[in-house]
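These are the residues of each chain, in order.
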2 protein chains.
Amino acid sequence: MLSHIKIVLVETSHPGNIGAVARAMKNMSMTELCLVAPKIFPCSEATSRAAGADDILARAQIYDTLQTAVADCQLVIGASARSRTISWPEISPRQCAELTTTKESDQKVAIIFGRENSGLKNHELDLCHFLLRIPCNTEYSSLNIAAAVQVVCYELFVATHTQIPVSIGDVDKNIKATAQQMESFYTHLAEALTDIGFMNPDKSKSIMRRLKRLYNRTQLDTKELDILRGILRMSQDNQKK
Amino acid sequence: MLSHIKIVLVETSHPGNIGAVARAMKNMSMTELCLVAPKIFPCSEATSRAAGADDILARAQIYDTLQTAVADCQLVIGASARSRTISWPEISPRQCAELTTTKESDQKVAIIFGRENSGLKNHELDLCHFLLRIPCNTEYSSLNIAAAVQVVCYELFVATHTQIPVSIGDVDKNIKATAQQMESFYTHLAEALTDIGFMNPDKSKSIMRRLKRLYNRTQLDTKELDILRGILRMSQDNQKK
């Protein structure tokens, strides 16, 4: 029931935390765990903290980069405790559960949790449609990573095990673009904006970040992506004439 | 705000769990921890897992028996994962939060968590008005004690901080574009797409409709609009060269 949602851990330092995350997931009927460049894994400490959820550890997918881990996902959500200078659209765990369990079930979703000490970097948040923030004490806001996963998975479980389906008003039946398709769109966009002289690739990081945020927020479908890429190609062709 | 509710741990075996409970509580602005006959406490492992919540450990009250720990409470709630032969009135964490945060604030409340391996005994449940059950996978229902405390305290925090959930995409402080600004953006867009040869103005109504739908959905702010119009101007300029 929740197999379309994967939990992605980025560069987790302590293998015990990976085990505790697996346990928290299995408690809430979640099965898909992805590890991006874990410091130490597999590891007996992870297995011991998993306390019987070793099946989740055994089937965990391991990736070198976050990009590849979320490549097949249409909806990417990044957990964060910190405030950011550029404000991302923010959702709570309950809103996250609404958003990910009431949409078409064939949409793949990634929920990303960053490093224990430093969370997610800005370039990693660039991959995200939403920033997930757990309501908590503002004076002491850093939850243990397994505790954060527990709260989020608990809300997902509650949302799928109540009989009243809530619609968030998305009637769009078109297939959403995957993270991989968005990545190659952004590469194409940066290239085209450089070609037409709008951007200097070295100095325009903040413009690209703003544009990514804009297009991530809107969750492009594949037809829209085709149109936008057609426009980019045409302006590049014009430039070359 | 939540100081009338105490978390009571009964005969906890692992001091690390006591520390993790303190952290989970402090994350959710809970301050009152009671320990009934803890196996090992105080302990450096508890302090280390508390990760900065050592003030909660320092003020923790220690008791020999559960009776004395809950003696001053009007409402006593016992957490349990197991089914009981004698059925207690059962509540979920969300119901528990409603029950304990909407009643008169001078009512003292205890929420009790049992031993890591065996939970609460029946004679301990006899002290409880309600049994608290966290919704979870029935095949794998035993949450780590700190994870269980985290979920319960999270619901308590959410119930008392209801102004926190913000509607999706509404946290952006930038000024949204007006309908008039969007209209002149669309006019400019149609003009630029015609200039670069992407669109024939007579035949491309459906493409413009799709693009409008895309940009309307995303609710552009005025800075984003400036960037997009800058891009349009630049591709038009290139065309005219």
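Residues numbered from 1 in each chain as written. Chains lettered and ligands numbered in written order. Predicted model: local features only at pLDDT ≥ 70, side-chain atom pairs only at ≥ 80, totals over all residues.

Colleague: Mind showing me how you'd approach the domain arrangement of chain A here?
Modeller: It is common to report an interface's size as the accessible area lost on association of the parts. Residue and element names in this part refer to chain A. Domains assigned within chain A are domain 1 (5–160) and domain 2 (179–240). When each unit is reduced to the centre of its C-alpha atoms, the spacing between domain 1 and domain 2 is 28 Å. Each partner contributes to the interface: domain 1 provides 13 residues, whereas domain 2 provides 9 residues. A breakdown of the residues in the side of domain 1 that touches domain 2 according to their chemical character gives 9 nonpolar, 2 polar and 2 charged. (Domains from an automatic or database assignment. Contact = placed C-beta atoms within 7 Å. Nonpolar A, V, L, I, M, F, W, Y, C, P; charged D, E, K, R; others polar.)

Colleague: Which parts of the structure should I look at to understand the interface of chain B and chain A?
Modeller: Every contact between the two is made by 49 residues of chain B and, on the other side, 47 residues of chain A. Listed by contribution, the elements that provide at least two residues to the side of chain B that touches chain A are α1 (15–27), α7 (145–160), α9 (205–218) and α10 (222–240) of chain B. Of the residues forming the side of chain B that touches chain A, the biggest block, 8 residues, is contributed by α10(B). Of the residues contributing to the side of chain B that touches chain A, the split by class is 28 nonpolar, 14 polar and 7 charged. (Helix = DSSP H or I, 4+ residues; strand = E, 2+ residues; numbered from the N terminus.)

Colleague: Please explain the sheet that holds strand β3 (residues 61–63) of chain A as it appears in this structure.
Modeller: Hydrogen bonds between backbone groups are what pair the strands of a sheet, and the pairing can be parallel or antiparallel. Residue and element names in this part refer to chain A. One open sheet accounts for 7 strands, arranged β3-β2-β1-β6-β4-β7-β5; its pairing is parallel. At either margin of the open sheet sits one strand with a lone partner, and together these are β3 and β5 (90–91). Here β5 runs beside strand β7 (residues 130–132); their pairing, made up of 2 bridges, is parallel. Bridge pairing in β7 places I91 opposite L132. Sheet strands touched by helix α7 (residues 145–160): β1 (5–10), β4 (75–79), β6 (109–113) and β7. Its angle to β6, the strand with the most contacts, is close to 155°. (Pairing = 2+ DSSP bridges. Axes fitted to C-alpha atoms, helices over the stretch in contact; angles between N-to-C directions.)

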